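Structure at a glance
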Amino acid sequence: MSDREPDSAADGSQVARKRIVVGVGGGIAAYKSCALVRSFTESGHSVRVIPTEAALQFVGRATFEALSGNPVQTGVFADVPEVAHVRLGQEADLVVIAPATADLMARAVAGRADDLLTATLLTARCPVVFAPAMHTEMWEHAATVWNVATLRERGSIVIEPASGRLTGKDTGAGRMPEPEEIFTLASLLLERPAALPRDLEGRRIVVSAGGTREPLDPVRFLGNRSSGKQGYAIARLAAQRGAQVTLVAGATAELGDPAAVDVVHVRTAEQMREAVMKHVIDADAVIMSAAVADFRPATVATSKIKKGADEPDTIPLVRNEDILAGLVQARRDGTIAPSTAIVGFAAETGDATGGVLDHARTKLARKGCDLLVVNAVGDGKAFEVDHNDGWLLGADGTESAIEPGSKSLMASRVLDAVAGLMVFE
Ligand code: CTP
């Protein structure tokens, strides 16, 4: 079978089979690369793992061979008739280095070719992704800062590391993002190779995501089916495009915090409103992808509502404030900068009075935001699934369809439009 023919992923879906090189540097995070290799093979891709000699101190060759189903070498003199040090790079559709140590990035910048991995980096012409992992001091050292900037200037993607627990007791920036997150970003590059430019550097963006939960009593709430995946994808990508991102996260499908994003966890619509209003001051853009409850129970019982004589027949509701409308009003009042771009989302179904886009245009005019991201819902679309499609409606009358694809792909289209809205001095 040719490497370009569709193959079956572990979940039975058809994917275009790509050639992926996973390079593994010599750091403790090397153990996480095993999960990454597995994700690629389970998605139906052909994977070659190229560790450095140092990486094999952390994970054995046999583990990588078993997970990838391919031989694993570290030196340029292995497999000489096959000219592996040239061929693997030339033929790859994507190279992902995880973990990328300070030393490995320095060698890549210097153009060294003293092992199979660095030789492969010199011959690769596909997207190359580095997922750094090191101690905070090494990440912040001028040499590493310069190496990262140089790799990015040359067109490589250097993922922003996460903050958090490093090896031992220390914490700080430099932790490798979770394998699932690296896989998500890598998969996006397979869908759209130019999806991660550094065009949002210096920008401040607030994103809301997930559903809100409106309490009824200490154990019950009114909620909705939003998984938060779309908003998380936007926050993750905005950070990887260089923005300083605050994610105001409501209830989600137990999603991990995206790397390099400040996450504020809230529960109710009122808590979400307070957090968005606080963080939007000085922001360049605010993206309201959360499914905010329109109503909340008028009263919250202090103890659990019981069956019996006192049980309520109905639950009176009161209207929650519209956060998006409040943002537009705050911009008019001058509470937030007039240049702040405001983006809303609309999940719509067609009905007897009009189609999805008719309702969306009315909503855009009513809400007064700059851009409305429109999803058609119903029939298993948009909620709790990994794929999305829709439209972008601009207040200036522009209208563009977003092709079906992953929520990351949709996020990248939304951010392209948001980048166009922001004023660049
Ligand atoms: N939204 C908000 N505050 C609310 C309700 C909604 O900020 N209390 C935002 C959502 O985050 C989304 C946009 O408004 O960006 C559209 O949400 P939607 O529920 O579709 O709009 P509604 O005004 O509630 O319209 P509908 O009458 O169709 O429910």
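Cut-offs used in this document
- Residues numbered from 1 in each chain as written.
- Predicted model: local features only at pLDDT ≥ 70, side-chain atom pairs only at ≥ 80, totals over all residues.
- Heavy atoms only, no water.
- Helix = DSSP H or I, 4+ residues; strand = E, 2+ residues; numbered from the N terminus.
- Rg over C-alpha atoms; globule rule 2.2 N^0.38 Å.
- Buried < 20%, exposed > 50% of the residue type's maximum accessible area, 1.4 Å probe, protein only.
- Contact = heavy atoms within 4.5 Å.
- Areas by Shrake-Rupley, 256 points an atom, 1.4 Å probe, with all protein chains shown as cover.
- Lys, Arg positive; Asp, Glu negative; His and termini not counted.
- Charge placed at Lys NZ, Arg CZ, Asp CG, Glu CD.
- Arc of directions from axis to C-beta.
- Salt bridge = Lys/Arg side-chain N within 4 Å of Asp/Glu carboxyl O.
- Pairing = 2+ DSSP bridges.
- Axes fitted to C-alpha atoms, helices over the stretch in contact; angles between N-to-C directions.
- Near = heavy atom within 4 Å.
- Polar contact = N/O pair within 3.5 Å; in protein donor to acceptor, adjacent residues only side chain to side chain.
- Nonpolar A, V, L, I, M, F, W, Y, C, P; charged D, E, K, R; others polar.
- Parallel < 35°, antiparallel > 145°, perpendicular 65-115°, else oblique.
- Left-handed = near helix turned anticlockwise from the far one by under 90°.

A separate point is the overall build of the protein. Across its full length, the protein carries 13 helices and 21 strands. Taken over the C-alpha trace, the protein has a radius of gyration of 24 Å; the compact-globule value for 425 residues is 22 Å, and the two agree within 12%. C-alpha atoms of the protein, sized along the principal axes, occupy 80 × 55 × 50 Å. Taken across its 425 residues, the protein has 51% of its residues classed as buried. Restricting to contacts in the protein with at least 6 residues of sequence separation, those with at least 24 account for 67%. Per element, the accessible surface of the protein, about 19700 Å² overall, is 51% carbon and sulfur. Here the protein holds 44 positive side-chain charges and 54 negative ones, and the gap between their average locations is 1 Å.

As a further point, take helix H1 (residues 33–42). Taken as a whole, H1 has its buried residues at Ser33, Cys34, Leu36, Val37 and Phe40. The buried side chains of H1 occupy one side of the element, clustering within an arc of 160 degrees when seen end-on. Looking at the packing, one finds that the buried side of H1 touches strand E3 (19–24), strand E4 (46–51), helix H2 (61–68), strand E5 (94–100) and helix H8 (179–191). A positive phi of about 95 degrees marks Gly44, the residue just after H1.

In total, this model carries 25 salt bridges according to the counting rule given. Linking Glu270 and Arg273 is a salt bridge whose minimum nitrogen-to-oxygen distance equals 2.8 Å. Residue Glu270 and its partner Arg273 are both found in helix H10 (residues 269–280); the two are separated by three residues, about one turn of the helix. Linked by salt bridges that have partners in common, Asp103, Arg107, Arg112, Asp114 and Asp115 make up one network.

Before going further, it helps to examine the sheet that holds strand E13 (residues 244–249). Pairing is mixed in the open sheet, where eight strands are placed in the order E14-E13-E10-E15-E18-E19-E20-E21. What marks the edges here is a single partner per strand, and that holds for strand E14 (261–265) and strand E21 (399–406). Each adjacent strand pair in this sheet contributes to an overall mean axis angle of 20 degrees, direction not counted. In the packing of helix H11 (residues 323–333) onto the sheet, contacts are made with strand E15 (285–288) and strand E18 (341–348), and the angle to E18 comes to roughly 155 degrees.

What follows covers the pairing of strand E9 (residues 171–175). Strand direction decides the pairing type here: strand E8 (residues 162–165) and E9, joined by four bridges, are antiparallel. Looking across to E9, one finds that Gly164 is bridged to Gly172. Between E8 and E9, which pair antiparallel in sequence order, lie five residues; one of them, Gly168, sits at a positive phi of approximately 75 degrees.

Attention shifts here to the site of the ligand. Around the ligand sit 14 residues, and of these Met288, Ala290, Leu324, Lys363 and Lys367 come closest. Asp294 places a side-chain nitrogen or oxygen 3.0 Å from an oxygen atom of the ligand. Note that a nitrogen atom of the ligand is positioned 3.0 Å from one of the backbone N or O atoms of Ile323. Mapped onto the shell around the ligand, the elements with two or more residues apiece are H11, E18 and helix H12 (356–367). For the shell around the ligand, the leading source of residues is H12, giving three residues. Here the residues of the shell around the ligand sort into seven nonpolar, one polar and six charged.

Put simply, helix H9 (residues 229–240) and helix H13 (residues 407–421) touch, their axes get as near as 8 Å, and they point 60 degrees apart. Between H9 and H13, the angle falls in the class oblique. Classified by chirality, the crossing of H13 by H9 is right-handed. Seen from H9, the contacting residues are Lys229, Gln230, Ala233, Ile234, Leu237 and Ala238; seen from H13, they are Lys407, Ser408, Met410, Ala411, Ser412, Val414 and Leu415.

Next up on the list: helix H4 (residues 102–110). Think of an α-helix as turning once every 3.6 residues; residues three or four places apart then point the same way. If you check which residues of H4 are buried, you get Ala102, Leu104, Met105, Arg107, Ala108 and Val109. Of the surrounding secondary structure, the elements contacted by the buried residues of H4 are E5, helix H5 (116–123), strand E6 (128–132), helix H6 (136–140), helix H7 (142–153) and strand E7 (157–158). One or two positions beyond H4, positive phi appears at Gly111, with a value near 75 degrees.

Here the focus is the pairing of E21. With six bridges joining them, strand E20 (residues 387–394) and E21 adopt antiparallel strand pairing. Bridge assignment links Leu392 to a residue of E21, and that residue is Ser400. Linkage of E20 to E21, two consecutive antiparallel strands, is achieved through a turn of four residues, within which Gly397 is found at a positive phi near 95 degrees.

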